[in-house]
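Okay, here's what each chain looks like letter by letter:
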Amino acid sequence: MTTTTLTIPRIFDRPRSASGIWSWIGTVDHKRIGTLYGITAFLWFLVGGIEALLIRTQLATADSTLIDPDTFNQLFTMHGTTMVFLVVMPLSASFFNWFVPLQIGARDVAFPRLNALSFWLFLFGGLLLNVGWFTGDSPSGGWFGYAPNSGITFNTGSGMTFWAIGLSVLGVASIAAGLNFVVTIFNMRAPGMTMFKLPVFTWMTLITSILLVLAIPVIGVALIQIGSDRLYGTNFYNSLGGGDPVLWQHMFWLFGHPEVYILILPAMGIVSEIIPTFSRKPLFGYPFVIFSGISIAFLGWFVWSHHMFTVGLGPAATSAFAISTMAIAIPTGVKILNWMATMVRGSIQINTPMLFAISFIAMFTIGGLSGVMHAAAPSDAQQQDTYFVVAHFHYVLFGGSLMGIFSGIYYWWPKMTGWMLNDKIGIVMWFFTLLGFNLQFAPLHWLGLDGMPRRIFTYSSDQGWESLNAIASVGGYIIALAILIFLFNIWYSRRNKVMAGNDPWNARTLEWSIPSPPPHFNFAEIPQVQYRDDFWYQKYPEQHEEGHVHAIAPSGAQDDDDMMFDPETGAAPSGGAEDGHHDDHGGHGIHLPDMSYYPIMLAAGITLGMGGLMAGNWVIVLGGVIGMWGLIGWSLEPVNDPAPDVEH
Amino acid sequence: MAQQAVTEYHAEVHDTTYNTSTGLSNRKLLMWAFLGSDVMFFGSFIATYLVYRNRSLVGPYPENIVDVPITTISTFVLLMSSLAMVLALHYVREGSKNPGRFWIFMTAALGLVFIGFQVFEFWTFVNEGLTPRTNLFGTTFFILTGFHGAHVTIGVLWLLILLFGHFKGTLRSDNSLDLEIAGLYWHFVDIVWIVIFTVIYLVTANDGAPPGAPPFLHG
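Note that the structure is predicted; figures quoted are calculated from it, not measured.

Draft legend 1. Representation of the overall build of chain A. A tally of helices and strands in chain A yields 19 helices and zero strands. The buried share of chain A, reckoned over its 648 residues, is 55%.

So, in structure tokens, the structure goes:
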């Protein structure tokens, strides 16, 4: 057979360095990409948090003139957009990247370069979204961008256009990541790991990914519509041309409600790992938790109009959406019951991840209950656009998603870094987080029921809202303090390292069977899976009712000699990828994919092409050239370059 | 062995099962999942078109401007390109060089003819006074069919790259999966057009001025 290798001339050599900045730019390793997601999202978390503190400072007193109305609009718009798209989603993505391949016994995701593309698009899209802080004209139409208020007639600056463009780029990143994890979870499972032996976190990742793949295109279309209205004068949401503002609301919430589950399901997956681990019991009712997750994702498509009860859709539509919204509380309640039943009669170990996980259940339940109150349409008509709604969704998104994510950070930190986060400082942080959170958001329930509207930049002193607002603002600062304690904990724990070993928590899933941090190739030998929680039954075969498990040495026996890393520098073992592969079980390849510059090139091209819609046509051309170069280079680049000594 | 240029991670061979948990190729599964995503994309645009049916404030309205016979011809051309795609995959799999090449070329060429019809149609509409800014019909029509046309264009470029690869020897019967995946995309874009054709050219083509809107007088 003829052997022809298509190559295009390279300006840069294929990246090979194992350390330094170029090793991160060219990386396709799911663990490094997970780290990049985590760090970037955490930085955005600080930005979004500062925006929140400015909002709370402004609202702490009546008739405050600290921040003018227009800046206030920009702050709440960017706070919401940042926290949803640049913090909670990518923090979840960070865990997807880190732990899905490890939990299913794979060496990487199905499409490592596509994975890198997702990260770079996320990074660049986030920058596009925040361009406004430098031009002095940030998006100010709310994170929901209601038309026609977000149209060019009523919002004349460049802010909302950058909002539409930036979110479109982020959308491409999300769809690519979603596709990647769908394929990874279906196709890359270790031998024996059937779908109903998957860890719950992986299951929730799968459900979230399917939601991403199906929901993001809807917001993508809405953004294209509002963007072309703003840029080219089309009529989608132009009321003078007959455009219908209600259509925007349908489009946005048809995306927006599945999005809510995109934000919460990963956290549900995280606590479903942590609660069994620290209760020393298998998850109660595993199939119920899985099927509840599936039902939530399915029903999540039929509840969007509960965001629109005051629009006037008529009694039939309103009743139908009220009923479907109440119905979705059932699978959610099932999950809460399962987590609690897991703890019942378990030998519970109290530490930071467990405390955050328990707080997740409690706070999420409160948020869920106020959510069911919204489901009653007449009651919702009173709550619409008040702080009661703000209280509700912060209880589910902060009290739910972020508590779950912090729980996951403390739980998986030792696996990611090799050293433990200090538990005492962690518990102090947890205490201040929970305290600050409740001081901040509980009073908003009362304020909302008393009629305080959302999105107002100030209120007059005769409304009687001052003391509760002051308490809420103090709560906000306590949350900020908790985050500072978290940063201090990282600094302190890094200075006083307590090495974790493979399995510091005596946990249940496969990621704990390998060194911390995992070697580049993850598994020296692809595991053979027999049972759900397979690693647990390898350690404690006598606990399995069937009792056929082949035991391995318990985790205590695995000492530092097993570590293939220098724990001080975290440097990868030289040539580890080749040395470590003794098998090709199940076709999980011998070679790990080589690094590549093309994902970042393609991402830069797409971002420039989109940003050029605002910056000028030459930027679009530049973006097109870079993007096409990246795309063609990518498609002609083999996943693995031939090793120099191999004859071709 | 030649480098399997666009193969991701797993070395894949022309076989019915792959070394994956499901036995499906990763890339094929990726394409199916992507098509699911694209269904939501086009679905949203088609829904917008239908929501805004009969809501233009000024003309031209569909009955003034839509040319059903000529679009029926271009629809036929696009459907025939799907047939060409099936034949191309058949011959490439079989290893028949020249028929394979011919039918890949024909698929791309028929796609290009369809694009030509669309360019002609857009040009005619603009000349008759319908642009994306004119009214809601113009806005929803151009954006919906324009995004479909963009999909076809991407498909044509993809096919031309595959054709080039067939000449270079990187597309062979043992990795015809490359062509099969492009085929999935191509057939999908065709199916979307069947829906668009039905909605725009069969269901709404005779829509005139909605109640209260002025009739359109040819200028």
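Past the structure itself, the notes keep going.
Draft legend 2. Focus on the overall build of chain B. Scanning chain B from N- to C-terminus turns up six helices and zero strands. Moving toward the C terminus, one meets the helices and strands of chain B in the order α-α-α-α-α-α. For chain B, the spread of C-alpha atoms along the principal axes amounts to about 70 × 35 × 25 Å. The proportion of buried residues among the 219 residues of chain B is 45%. The contacts in chain B between residues at least 6 apart in sequence include a share of 80% that link residues at least 24 apart.

Draft legend 3. Region of the structure containing the packing of helix H2 (residues 30–59) of chain A against helix H3 (residues 69–103) of chain A. All names here are of chain A. Orientation of H2 relative to H3, taken along the N-to-C sense of each, is 155°, at an axis distance of 7 Å. Viewed along their axes, H2 and H3 adopt a mutual orientation that is roughly antiparallel. Crossing geometry of H2 relative to H3 is assigned as left-handed. Broken down by class, the residue content of the contact of H2 with H3 amounts to 21 nonpolar, 10 polar and two charged.

Draft legend 4. Local environment of the confidence of the model for chain B. All names here are of chain B. Overall, the prediction assigns chain B a mean pLDDT of 91, with 92% of residues at 70 or greater. Scored below 50 in pLDDT, residues 1–15 makes 43 contacts in the model with residues more than four places away or belonging to other chains. Interface predicted TM-score (ipTM) for the complex: 0.91; the corresponding pTM is 0.91.

Draft legend 5. Looking closely at the environment of Leu179(B). With respect to the secondary-structure elements, Leu179(B) resides in helix H6 (residues 177–203). Sequence-wise, Leu179(B) and His166(B) are 13 residues apart; in three dimensions their C-alpha atoms are separated by 10.0 Å.

Draft legend 6. Up close: the nonpolar core. Residue and element names in this part refer to chain A. Ranked by internal contacts, the top residues of the largest apolar core, which has 236 residues, are Leu121, Val169 and Ala222. No other element matches helix H7 (residues 200–232), which puts 20 residues into this core. For Leu121, the residues in contact, after removing those within four places along its chain, are Val169, Val172, Ala173, Ala603 and Ile606.

Draft legend 7. Geometry of unusual backbone geometry. All names here are of chain A. Across the junction of Ala147 and Pro148, the peptide omega takes the value 0°, indicating a cis bond. Relative to the assigned elements, Pro148 resides in the loop between helix H5 (132–135) and helix H6 (159–187). Of the consecutive residues Ser516 and Pro517, the connecting peptide bond is found in the cis state with omega at -15°. Topologically, Pro517 is positioned in the loop between helix H15 (466–495) and helix H16 (534–539). Of note in this structure, Arg280 is not a glycine but carries a positive phi near 60°. Take Arg280: it is sitting in the loop between helix H8 (245–279) and helix H9 (286–299). A count of 14 C-beta atoms within 10 Å places Arg280 in the partly exposed class. If you check the backbone angles, Asp533 has positive phi at about 55° while not being a glycine. Judged by the 23 C-beta atoms lying within 10 Å of it, Asp533 is buried.

Draft legend 8. View of helix H18 (residues 598–615) of chain A. All names here are of chain A. Relative to the 26 Å expected for 18 residues at 1.5 Å per residue, H18 spans 24 Å between its end C-alpha atoms, a close match to the ideal helical length. For H18, the tally of buried residues reaches 14 of 18 residues, placing the bulk of the element in the interior. Gly616, located one to two residues past H18, shows a positive phi value of around 135°.

Draft legend 9. Summary view of helix H13 (residues 387–417) of chain A. Residue and element names in this part refer to chain A. When the local axis directions of H13 are compared, the greatest deviation, roughly 40°, occurs at Tyr411, which is followed within four positions by the proline Pro414. Counting buried positions along H13 yields 30 of 31 residues, so the element is predominantly enclosed. Backbone geometry just downstream of H13 places Gly418 in the positive-phi region, at approximately 95°.

Draft legend 10. Representation of the environment of Phe291(A). Residue and element names in this part refer to chain A. As for its position among the elements, Phe291 is in helix H9. Looking at Phe291, the number of C-beta atoms within 10 Å reads 13, which means it is partly exposed. Distance in space between the C-alpha atoms of Phe291 and Pro331 is 8.1 Å, their sequence separation being 40 residues.

Draft legend 11. Highlighting the packing of H9(A) against helix H10 (residues 315–343) of chain A. All names here are of chain A. For the pair H9 and H10, interaxial distance at closest approach is 9 Å and the crossing angle is 160°. Judged by the angle between their axes, H9 and H10 are roughly antiparallel. Every pair of crossing elements has a handedness; the one defined by H9 and H10 is left-handed. Each of Phe288, Val289, Ser292, Ser295, Ile296 and Leu299 in H9 lies in contact with H10, whose residues at this interface are Ser324, Ala327, Ile328, Pro331, Thr332, Val334, Lys335 and Asn338. In the contact of H9 with H10, the residues fall into eight nonpolar, five polar and one charged.

Draft legend 12. Quick look at the environment of Val51(B). Residue and element names in this part refer to chain B. Relative to the elements of secondary structure, Val51 occurs in helix H1 (residues 26–51). Look at Val51 and you get partly exposed, because 15 C-beta atoms sit within 10 Å. As a C-alpha pair, Val51 and Thr140 span 89 residues in sequence and 9.8 Å in three-dimensional space.

Draft legend 13. Examining the confidence of the model for chain A more closely. Residue and element names in this part refer to chain A. Looking at chain A, pLDDT values average 89 and 90% of them are 70 or higher. The model gives residues 1–6 a pLDDT under 50, and that stretch makes 14 contacts with residues more than four places away or in other chains. Low pLDDT, under 50, characterises residues 644–648; the predicted model gives this stretch two contacts beyond four residues in sequence or across chains.

The rules behind these values
- Residues numbered from 1 in each chain as written.
- Chains lettered and ligands numbered in written order.
- Predicted model: local features only at pLDDT ≥ 70, side-chain atom pairs only at ≥ 80, totals over all residues.
- Helix = DSSP H or I, 4+ residues; strand = E, 2+ residues; numbered from the N terminus.
- Buried ≥ 20, exposed ≤ 12 C-beta atoms within 10 Å, placed from the backbone.
- Contact = placed C-beta atoms within 7 Å.
- Axes fitted to C-alpha atoms, helices over the stretch in contact; angles between N-to-C directions.
- Parallel < 35°, antiparallel > 145°, perpendicular 65-115°, else oblique.
- Left-handed = near helix turned anticlockwise from the far one by under 90°.
- Nonpolar A, V, L, I, M, F, W, Y, C, P; charged D, E, K, R; others polar.
- pLDDT = per-residue confidence, 0-100.
- Core = buried A, V, L, I, M, F, W, Y, C linked by C-beta atoms within 7 Å.
- Expected span 1.5 Å × (residues − 1).
- Bend = angle between axes of the 7 residues up to and from the residue.

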